[in-house]
Amino acid sequence: MADFPTKPPLHPTLAAQNLLVSLVLVQLARPDPSPSARTILQTYNLARLLQTNTTKLLNTYLSAQGSPFSDPGFSALGLRWAGVPVATLPFLAWRTMGDVERLARNYGAYTTFDAFLQLVWDDQDELCPDCSELLAMLGTARARTRGLLANLTSIMAAMGIPMPPATDPLTSEAAGVGAFEKKCRGYVVCREYHGWVDRTVRDFTLLKAKYPA
């Protein structure tokens, strides 16, 4: 019976090289992730962290203001304050919004909240200087808002989106209102800040699915 020629066994080093080449080819075949994808994921995670913190901030704020703010079940959803961004909008308008507008609206809202959170901190430092927990939470909220703004700036730059013009939403007259008005203003700021963080989580849920890291 004739012996059939057999192939020489593949050298282990050559096998490893072939495997490495195959892996490289697979990687090359995959589309490159967006340069902003990692920052989008980081921003989503930061917004999720803020989501819990803003709920506690609002409750802590209300409990520190006295009646009627601290009364059980207090709510004044119809109360607005000029210049404070409102997060709510119709579902289809939100869902069909383009990336440029979505990011620009987030950037504009948090630029405004950066100023208003400082104003509310100043108000509470005057009205309730012993409310150390509330003052610390307001300071942390502002610091994390600046973190969100830094991430948004990075994402928009990577995507080639022009930055909105810088605006200062407040004037020095903002500090001159009465005590009750300051409490009302702080309530609106904390409530709408909470609403905007919820919206940012939804916005970045869409964006991280569209631009996976």
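Residues numbered from 1 in each chain as written. Predicted model: local features only at pLDDT ≥ 70, side-chain atom pairs only at ≥ 80, totals over all residues. Heavy atoms only, no water.

Peer 1: Please clarify how the packing of helix α2 (residues 37-64) against helix α5 (residues 132-158) should be interpreted in this entry.
Peer 2: Helix-helix packing is characterised by the crossing angle of the two axes and by the distance between the axes. Two elements in contact, α2 and α5, have axes whose closest approach is 10 Å; the angle formed by their N-to-C orientations is 155°. Here α5 runs roughly antiparallel to α2, going by the angle between their axes. Pair α2 / α5 crosses with left-handed handedness. Grouping the constituent residues of the contact of α2 with α5 by class yields 13 nonpolar, eight polar and three charged. (Axes fitted to C-alpha atoms, helices over the stretch in contact; angles between N-to-C directions. Helix = DSSP H or I, 4+ residues; strand = E, 2+ residues; numbered from the N terminus. Parallel < 35°, antiparallel > 145°, perpendicular 65-115°, else oblique. Left-handed = near helix turned anticlockwise from the far one by under 90°. Nonpolar A, V, L, I, M, F, W, Y, C, P; charged D, E, K, R; others polar.)

Peer 1: Which parts of the structure should I look at to understand the environment of A115?
Peer 2: Its location among the elements puts A115 in helix α4 (residues 99-127). With 55 residues separating them along the chain, A115 and L170 place their C-alpha atoms 7.2 Å apart. The contacts of A115, once residues within four sequence positions are left out, are P169 and L170. (Contact = heavy atoms within 4.5 Å.)

Peer 1: Quick question: what am I supposed to make of the state of the cysteines here?
Peer 2: Among covalent bonds in proteins, the disulfide is the one between the sulfur atoms of two cysteines. Here the structure, examined in full by the defined rule, presents one disulfide. Sulfur-sulfur distance for the disulfide between C128 and C131 comes to 1.7 Å. Between C128 and C131, the disulfide has an S-S torsion of 45° and is therefore right-handed. Neither residue differs from the other here; C128 and C131 are each classed as buried. (Disulfide = S-S within 2.5 Å. Buried < 20%, exposed > 50% of the residue type's maximum accessible area, 1.4 Å probe, protein only.)

Peer 1: Help me out: how do you make sense of the environment of R142 in this one?
Peer 2: The residue R142 is located in helix α5 in this model. Taking the C-alpha atoms as reference, R142 lies 9.4 Å from Y110; in sequence the two are 32 residues apart. With residues up to four places along the chain from it excluded, the contact list for R142 reads D114, L117 and Q118.

Peer 1: How should the packing of aromatic side chains be read in this particular structure?
Peer 2: Two aromatic rings, taken as a pair, are described by how far apart their centres are and by the angle between their planes. Considering all chains together, one arrives at eight aromatic pairs under this definition. Ring plane angle 45° and centroid distance 6.3 Å describe the contact between Y110 and F113, whose orientation is recorded as tilted. Note that Y110 and F113 are positioned in helix α4 at a spacing of three residues, about one turn of the helix. A relative accessible area of 0% means that Y110 is categorised as buried. (Phe/Tyr/Trp six-rings, centres within 6.5 Å; stacked < 30°, edge-to-face > 60°.)

Peer 1: Help me out: how do you make sense of α5 in this one?
Peer 2: Since the α-helix turns once every 3.6 residues, residues separated by three or four places project in the same direction. In this model α5 runs 39 Å from its N-terminal to its C-terminal C-alpha over 27 residues, within 8% of the 39 Å that 1.5 Å per residue would give. All buried positions along α5 are accounted for by L134, L135, M137, L138, A141, T145, L148, L149, N151, L152, I155 and M156. Where α5 is buried, its residues touch α2, α4 and α6 (179-210). Backbone geometry just downstream of α5 places G160 in the positive-phi region, at approximately 70°. (Expected span 1.5 Å × (residues − 1).)

Peer 1: In this structure, what is going on with the confidence of the model for the protein chain? I would like to understand it.
Peer 2: In low-pLDDT regions, the fine details of the predicted coordinates are not to be read closely. Chain-level statistics for the protein chain give a pLDDT mean of 86 and a share of 84% at 70 or above. Per-element mean pLDDT across the protein chain ranges from 44 in helix α1 (residues 12-29) up to 97 in α6. Low pLDDT, under 50, characterises residues 18-32; the stretch is placed with one contact to residues that sit more than four places away or in other chains. (pLDDT = per-residue confidence, 0-100.)

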